[in-house]
Amino acid sequence: MDYEIKKAWGVLLRLFHWVYAITIIVLLVTGYYIYRPWFGLYQGGASFSMALSRYIHFVAGYAFMGAIVVRIYLFFFGNRQERFLDSVPVTPRNIKNLFGTVIYYLYITDRHEERLGHNALFMLFYIITLFLALVQTLTGLYMLFPENLSLQSMGLSLFGTQQEARLIHHFIMWYFIIFTMTHVYITIWNDIEMPEGLISSIFNGKKFKTKKA
Amino acid sequence: MSRNLHEADIDIGLTRRGFLKGCAIAAAALGLSDAMIPRLAEAAASAQRPPVVWLHFQECTGCTEALLRASHPDIGRLILSLISLDYHETVMAAAGKQAEDALEGTVKRYEGKFVCVVEGGIPTKDGGVYCKIGGRTAMDILKGVAPKAGAIIAIGTCATFGGIQAAMPNPTGAVGVRDLIHDRPIINISGCPPNPISFLGTVLNYLTFKRLPPTDQLGRPLFAYGRKIHDQCERRAHFDDGRYVERFGDEGHMNGYCLYKVGCKGPETFSNCPAVRFNDVEVWPVLAGHGCVGCTEPGFWDTMTPFYERLPGVKLPVGKGIVQGADSAGKKILAITAAAIGIHAAVGAGKKMAKKKDGRKTGQKTEETR
Ligand code: SF4
């Protein structure tokens, strides 16, 4: 069987992916520390551990926000695979792909539609994740700037008090932990099942596709 | 003492020194420079004492108590000498019909000018029958008095956000003043109880500058509720440095470390407690070794409990039962996901193996299905 190399992901998308991935890990670790500082130091150790965690968390938060903006930009101005309609399950073609992917993942069938871009199931979770990422930044900003009155009215109308926003922020943290885990697993699984080179494609942007005769 | 309160020119024992001291404390609380103290004092001394009607509804009278029983009496006295307290159920001498007449008289005589102070939540369920005074429901009294007031000051968390009786499931349908009255300016002095100085500052601000102080989006004056407790706390250095009380009474607790891990709600509560402190003896909860419980926030009884945990103990329906606590739910979902991944991978591996056996028999089938 012959394969050809096809360009799937632009450099901006790959950059987005890695900033997003790294900031999520950093945010999860520092965020969990802020929530429940699992190591503390008694008098004398000037570690500044909480202040530092908060600092890293906030810086990573801004990078995370930047990544979200880039992804939304790519939905409109990215290459074909990166655009909104290519894989979000709103068109008949993508909805069909969504169910096809589900039964493929459940080992019910071996047949599936081969695509250069994302499959629709992935894109569904991608959209949910992006939406929750937005909620995460809004609750985060609400808590970060407690003295800002416009953020206060935004926060009060969308989430409630600071404490309620904190709870939402915390719940979504769990979503991100689970999403990260599942995402890594599904990617490795796909890489094993299909010879397209999925994992390396997020580094070099290229996939191997069967040559059409 | 109570007999004298509504008779304007009877001395209630406030010395000049105490008076100036009270003004200075209020100026500091308001964030004004000391150059403003004479202006405050002047306004306080010469002001037309605004008639005040003080309504009590579902409450414990703790706010009034906090105000009157300040260990250093100047604040309480100053407040009482600044306003003409025409109706206040706890301290007034009149009772029964006399009292009701005083209320009615003030409302009529000073329509649009008097200040209405409300203490306590207002029950709204079943026509508001759960709180009645003189045969009238709290809702009815408030609707009769508040729209005619020049300004309304809701004092205490009950009057501002419903307070403890509004806690889930809120059997009496208790709400705060701002949920019922919309066409009058309302200042919310929340807290359980609020610091008398926040009330004094609001009144002095009103007398000196002829307007109510600027507020946040919940109607709380910014001079008192503009910043989080956590950002003014004296234990903050321990917080930043990662030194926490792990359990009450442990070594960290004895050393005065931060109370974050035993549920201090300072990081989500807006109030001036660490700066102004209580009862003129320089104390407030965190200084005494107990975390903040977040009493100035809306719905604090629901969102700040359990008081010794970081986050509310939400009940989540997961699977068949109810799982207590956000984290145990999160961990369970995580475990289920991990298990699902494991099973999925095992099935995949099993299938591969089965296929390989098939493949040996039927040739290159695996490749073709792709
Ligand atoms: S004791 Fe409470 S308010 Fe003070 S620093 Fe710790 S968490 Fe913040």
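This text follows the structure it describes.
Residues numbered from 1 in each chain as written. Chains lettered and ligands numbered in written order. Predicted model: local features only at pLDDT ≥ 70, side-chain atom pairs only at ≥ 80, totals over all residues. Heavy atoms only, no water.

**A short note on the site of the ligand**
(1) Moving on: Around the ligand, the structure places 13 residues, and the nearest of them are B:His230, B:Cys233, B:Cys258, B:Leu259 and B:Cys264.
(2) Moving on: Residue composition of the shell around the ligand, grouped by class: 9 nonpolar, 2 polar and 2 charged. (Near = heavy atom within 4 Å. Nonpolar A, V, L, I, M, F, W, Y, C, P; charged D, E, K, R; others polar.)

**Digging into the environment of B:Leu78**
Residue and element names in this part refer to chain B.
(1) Moving on: Within the fold, Leu78 resides in helix 4 (residues 74-82).
(2) Moving on: According to the relative accessible area criterion, Leu78 is buried, its value standing at 0%.
(3) Moving on: For the pair Leu78 and Leu200, spaced 122 residues apart in the sequence, the C-alpha separation amounts to 8.2 Å. (Helix = DSSP H or I, 4+ residues; strand = E, 2+ residues; numbered from the N terminus. Buried < 20%, exposed > 50% of the residue type's maximum accessible area, 1.4 Å probe, protein only.)

**So, the interface of chain A and chain B**
Put simply, an interface is often sized by how much accessible area is lost when its parts join up.
(1) Moving on: Counting from both sides, the interface comprises 49 residues of chain A and, opposite them, 55 residues of chain B.
(2) Moving on: Summed over both partners, the interface of chain A with chain B comes to about 4600 Å²; 59% of that surface belongs to carbon and sulfur atoms.
(3) Moving on: Taken together, the links from chain A to chain B amount to 1 salt bridge.
(4) Moving on: Here A:Arg166 makes a salt bridge to B:Glu268, at a shortest N to O gap of 2.4 Å.
(5) Moving on: When residues of the side of chain A that touches chain B are traced back to their parent elements, those giving at least two are helix 1 (11-35), helix 2 (49-77), helix 6 (149-158) and helix 7 (162-193) of chain A. (Contact = heavy atoms within 4.5 Å. Buried area = accessible area lost by both parts, 1.4 Å probe. Salt bridge = Lys/Arg side-chain N within 4 Å of Asp/Glu carboxyl O.)

**Details of the packing of helix 1 (residues 16-30) of chain B against helix 8 (residues 196-209) of chain B**
Residue and element names in this part refer to chain B.
(1) Moving on: In the contact formed by helix 1 and helix 8, the axes pass within 9 Å of each other and the chain directions differ by 90 degrees. In terms of orientation, helix 1 and helix 8 fall into the roughly perpendicular class. Packed against helix 1, whose contacting residues are Gly22, Cys23, Ile25, Ala26, Ala29 and Leu30, the element helix 8 presents Ile197, Leu200, Gly201, Leu204 and Asn205 at the interface.
(2) Moving on: A breakdown of the residues in the contact of helix 1 with helix 8 according to their chemical character gives 8 nonpolar, 3 polar and no charged. (Axes fitted to C-alpha atoms, helices over the stretch in contact; angles between N-to-C directions. Parallel < 35°, antiparallel > 145°, perpendicular 65-115°, else oblique.)

**Brief notes about the sheet that holds strand 9 (residues 186-189) of chain B**
All names here are of chain B.
(1) Moving on: Here we have 5 strands laid out as an open sheet, ordered 2-1-3-7-9, and parallel in their pairing. Looking at strand neighbours, the two that pair on one side only are strand 2 (84-88) and strand 9, the edges of this open sheet. Along the sheet, successive strands turn relative to each other by an average axial angle of 20 degrees, direction set aside.
(2) Moving on: In this sheet, strand 9 lies alongside strand 7 (residues 151-155) in parallel orientation, the contact comprising 4 bridges. Bridging across to strand 9, Ile155 finds its partner in Ile189. (Pairing = 2+ DSSP bridges.)

As far as function goes, none of this settles anything; it's purely spatial.
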